[in-house]
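Commentary on secondary and tertiary structure
These are the residues of each chain, in order.
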Amino acid sequence: APLSKLGSTLRTKNGAAFPTGITIISVANNAMWSLYALLIQDVVVLIPSLLGYLLSAFQILVILWCSGVLPFDLSFILLLCRERGESSKVEEQRARV
């Protein structure tokens with residue numbers, strides 16, 4: 001799961017963890033399924049297709065950011081990505097105060 005490596009990708013600014021070709025195909029695939037779901041008016045197909053589209057589009061954003069193409073910074077997402085064991089360090093610091 002490439003998004004599980006999001007924290008390290010944003011810290012190192014190395015998008016190698018995200019396979020670009022598969023991600024582009026995933027965006028196109030989920031877009032087609034979303035259009036199909038809208039045409040047949042089926043929410044059961046639409047919800048996972050939209051979720052997959054949004055996550056794949058986010059992966060494309062991260063890949064472009066790592067390449068230096070985007071004019072804005074995505075490092076604020078690091079606030080949401082904690083390393084394992086980092087949350088226990090934060091809890092220990094809170095307990096001391």
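For the structure itself, look to the data block above.
Residues numbered from 1 in each chain as written. Predicted model: local features only at pLDDT ≥ 70, side-chain atom pairs only at ≥ 80, totals over all residues. Heavy atoms only, no water.

Before going further, it helps to spend a moment on the overall build of the protein. A count of helices and strands for the protein gives 4 helices and 0 strands. When the 97 residues of the protein are sorted by exposure, 24% land in the buried category. Within the protein, counting contacts between residues at least 6 apart in sequence, those at least 24 apart form 56% of the total. Here the protein has roughly 7,000 Å² of accessible surface; of this, 64% comes from carbon and sulfur atoms. (Helix = DSSP H or I, 4+ residues; strand = E, 2+ residues; numbered from the N terminus. Buried < 20%, exposed > 50% of the residue type's maximum accessible area, 1.4 Å probe, protein only. Contact = heavy atoms within 4.5 Å. Areas by Shrake-Rupley, 256 points an atom, 1.4 Å probe, with all protein chains shown as cover.)

This part takes up the nonpolar core. Counting residues in each nonpolar core, the largest one holds 10 residues, listed as Leu6, Leu10, Phe18, Val62, Ile63, Trp65, Cys66, Leu70, Leu74 and Ile77. Looking at this core, the elements that each hand over two or more residues are helix 1 (6-12) and helix 3 (43-66). Looking at this core, the element that brings in the most residues is helix 3, giving 4 residues. (Core = buried A, V, L, I, M, F, W, Y, C linked by side-chain atoms within 4.5 Å.)

We now examine helix 2 (residues 20-40). Between its first and last C-alpha atoms helix 2 spans 30 Å; for 21 residues at 1.5 Å apiece the expected length is 30 Å, and the two agree. The set of residues buried in helix 2 consists of Thr23, Val27, Asn30, Ser34 and Ala37. Relative to the axis of helix 2, the buried residues are bounded by an arc of 100° and lie together on one face. Among the exposed residues of helix 2, those oriented more than 90 degrees off its buried face are Ile25, Met32 and Leu39. The secondary structure elements touched by the buried residues of helix 2 are helix 3. Gln41 lies just past helix 2 and shows a positive phi near 55°. (Expected span 1.5 Å × (residues − 1). Arc of directions from axis to C-beta.)

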